[in-house]
Amino acid sequence: MKKIKFFLLIVVAICITVGCHQQPKAKYVFYFIGDGMGLGQRTAAEMYLSAMDEQIGQKTLLMDSLPIQGFASTYSANSYVTCSAAAGTALATGTKTKNGMLGMDSDTAILQTIAEKAKAQGKAIGIITTVMLNHATPGAFYAHQSNRDQFEDIKNWMLKSDFDYFAGGQIYIKEHEKMQNVPAELKEAGYFVATNREEMNQMVPEQNKWVLIGDDLDSTNSSIKFVMDRKENAIGLVDMLQKAIELLTPKDQGFFIMIEGGKIDFAAHVNDGASVVHEVLELDDAVRVALDFYKKHPKETLIVVTADHETGGLTMGNRTMKYKMFPEKLAEQKHTVNYLYYNNDTLLSQLKAEEDLYSFVQSMSFSHPLSFSGKDSLDIFKAYQKFVETHNSEKLPDAAIKILNREVGFGWTTGKHTGTPVPVSAIGVGAEQFSGMYDNTDIPKRIEKIMQLK
Ligand SMILES: [Zn+2]
């Protein structure tokens, strides 16, 4: 009897020291959010890759090839169709809230975010986005505001967060003078601020806290330019994530990094399929960076890739094209429709007669011949009339992009978000918990468990 007791004691002692009942724990977490990236957006990107390879169905995104795949519902507390603030809050806190609200529940009670919990327990925190750093999705991880448009207050939450690394577009404030003060405020808060590649290369682990702002920004909203419009070698998602890994890995408690492909949503709002594809591909390139890290730390890393909602109701197939799709036509488009809104003055000045309208629409973006229907002619003529009367030329690129998207075979149902579930992909420690169908609020709860946050 004594011998058995002694044996049990030894087993318990070994369990305590070695931790034989301990669950594996994620020390490093990559949380990817494609804003507006539903199944349609992912499929469109895969079709484009396959078409470039001239083989139907042969190419897969890296995110779609991860071993665990699931789906998450996206409704908010007050609508079947969520906005990015409510969805961001769900993905950051595990609680539903009303559209427009950030980091608060429907009764405006402040919710602690997964990033704040991780920070409190010694993790290094990175927040990366292609849009403004105080926009809804990044803001959902550090801000608590009942109105997502209160950019100045969201900026103040950002400064107070003490998070280790921010990278993305500019910090946006409506009043120009206040926006100009932000870099000084960041420095005062202890951040090393970089706004170009040279300064980015000067960012080193010894500096403690960092803000990296992209070097090719959209002049209208301060986000990082769309991939299709960006200058060569501009700072993008891959650079921002590589830098995060370089700076945060030396911190000994591990890290939590949120990476948002924010402009998938912007492109989908204007139903610009080619731009959606290029933004999804950029996010997928960033997933590759995380996967390379995972391969070096497979027992301590978790990668989750999901979306806050779908945008545009994008589907593969439409009434005109029926069973045909030509994703290769996307390669003909050289700029986003957004770029054309602001950069078509030269083209317009060459427009001398209404008869030139077709060639005008053609020349805006596409090198391949478009086939116009009677309805298209009417749309284009109306857009031209609007331009003549008001000098607002935005409708002309819209008309052109609509024709191209139809010819590719895309179907768009809206210029807003939709309420369909979004895909979730995962690999690494605890990844198996993300298979199946669940709610978006379950995602941060499961990540917290895998990180063993209290
Ligand atoms: Zn949106």
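In what follows, the accompanying structure is described. Since the model is a prediction, treat every value here as computed from it, not as a measurement. (Residues numbered from 1 in each chain as written. Predicted model: local features only at pLDDT ≥ 70, side-chain atom pairs only at ≥ 80, totals over all residues. Heavy atoms only, no water.)

## Notes on the pairing of strand E13 (residues 422–428)
- Among the 7 residues in E13, 6 count as buried, and that is most of the element.
- In this structure, strand E2 (residues 68–73) lies alongside E13, joined through 5 bridges in antiparallel fashion. By the bridge assignment, Ile68 is partnered in E13 with Ala426.
- Pairing between strand E8 (residues 301–307) and E13: 4 bridges, direction antiparallel. The residue of E13 that forms the bridge with Leu302 is Gly428. (Buried < 20%, exposed > 50% of the residue type's maximum accessible area, 1.4 Å probe, protein only. Helix = DSSP H or I, 4+ residues; strand = E, 2+ residues; numbered from the N terminus. Pairing = 2+ DSSP bridges.)

## Points about a nonpolar patch on the surface
- A surface patch of nonpolar side chains, amounting to about 290 Å² of accessible area, comprises Leu39, Phe71 and Met437.
- Relative to the elements of secondary structure, Phe71 occurs in strand E2. (Patch = residues over 30% accessible without salt bridge, like charges linked within 9 Å, V, L, I, M, F, W, Y side chains within 5 Å. Areas by Shrake-Rupley, 256 points an atom, 1.4 Å probe, with all protein chains shown as cover. Salt bridge = Lys/Arg side-chain N within 4 Å of Asp/Glu carboxyl O.)

## Considering helix H15 (residues 374–390)
- Look at H15: 24 Å from first C-alpha to last across 17 residues, which is about the 24 Å you get at 1.5 Å a residue.
- Within the sequence span of H15, burial applies to Asp376, Asp379, Ile380, Ala383, Tyr384 and Phe387. The buried residues of H15 occupy an angular sector of 135° when projected down its axis, which confines them to one face. Of the exposed residues in H15, the ones pointing more than 90 degrees away from its buried face are Gly374, Lys375 and Glu389. (Expected span 1.5 Å × (residues − 1). Arc of directions from axis to C-beta.)

## A closer look at the sheet that holds strand E1 (residues 28–34)
- One open sheet holds the 10 strands; their spatial order is E5-E6-E4-E3-E7-E1-E8-E13-E2-E14, and the pairing between them is mixed. Single-partner strands in this sheet number two, and they are strand E5 (192–194) and strand E14 (436–439). Ignoring which end each strand starts from, the neighbouring axes of this sheet average 15° apart.
- The sheet contacts of helix H2 (residues 39–52) involve E2, E8 and E13, and relative to E13 the element is tilted by about 70°. (Axes fitted to C-alpha atoms, helices over the stretch in contact; angles between N-to-C directions. Contact = heavy atoms within 4.5 Å.)

## A short note on the packing of aromatic side chains
- On inspection of all chains with the given rule, the structure shows 12 aromatic pairs.
- With 5.0 Å between their ring centres and 80° between their planes, Tyr28 and Phe293 make a pair best called edge-to-face. Linking Tyr28 in strand E1 with Phe293 in helix H11 (residues 273–296), this pair joins segments that are 265 residues apart in sequence. Of the two residues examined, Tyr28 and Phe293, each falls in the buried class.
- Aromatic side chains Tyr31 and Phe256 sit 6.1 Å apart centroid to centroid with 70° between the ring planes, which places their arrangement in the edge-to-face category. One end of the pair, Tyr31, is in strand E1; the other, Phe256, is in strand E7 (residues 255–261), with 225 residues separating them in the sequence. (Phe/Tyr/Trp six-rings, centres within 6.5 Å; stacked < 30°, edge-to-face > 60°.)

## Here's the deal with the coordination of the zinc ion
- For the zinc ion, every protein donor is listed as Asp265 (OD), Asp265 (OD), His269 (NE2) and His417 (NE2), and the spread of their distances is 2.0 to 2.3 Å.
- Coordination at the zinc ion comes from 4 donor atoms whose angles at the metal span 56 to 151°, giving a geometry best classed as irregular.
- Donor residues binding the zinc ion come from one chain and are separated in sequence as D-x3-H-x147-H. You can see Asp265 and its partner His269 sitting in helix H10 (residues 263–269), 4 residues apart, about one turn around the helix. (Donors = N, O, S within 2.8 Å, 3.2 Å for Na, K, Ca; no water. Tetrahedral: all angles 85-135°; square planar, octahedral: opposite > 155°, others 65-115°.)

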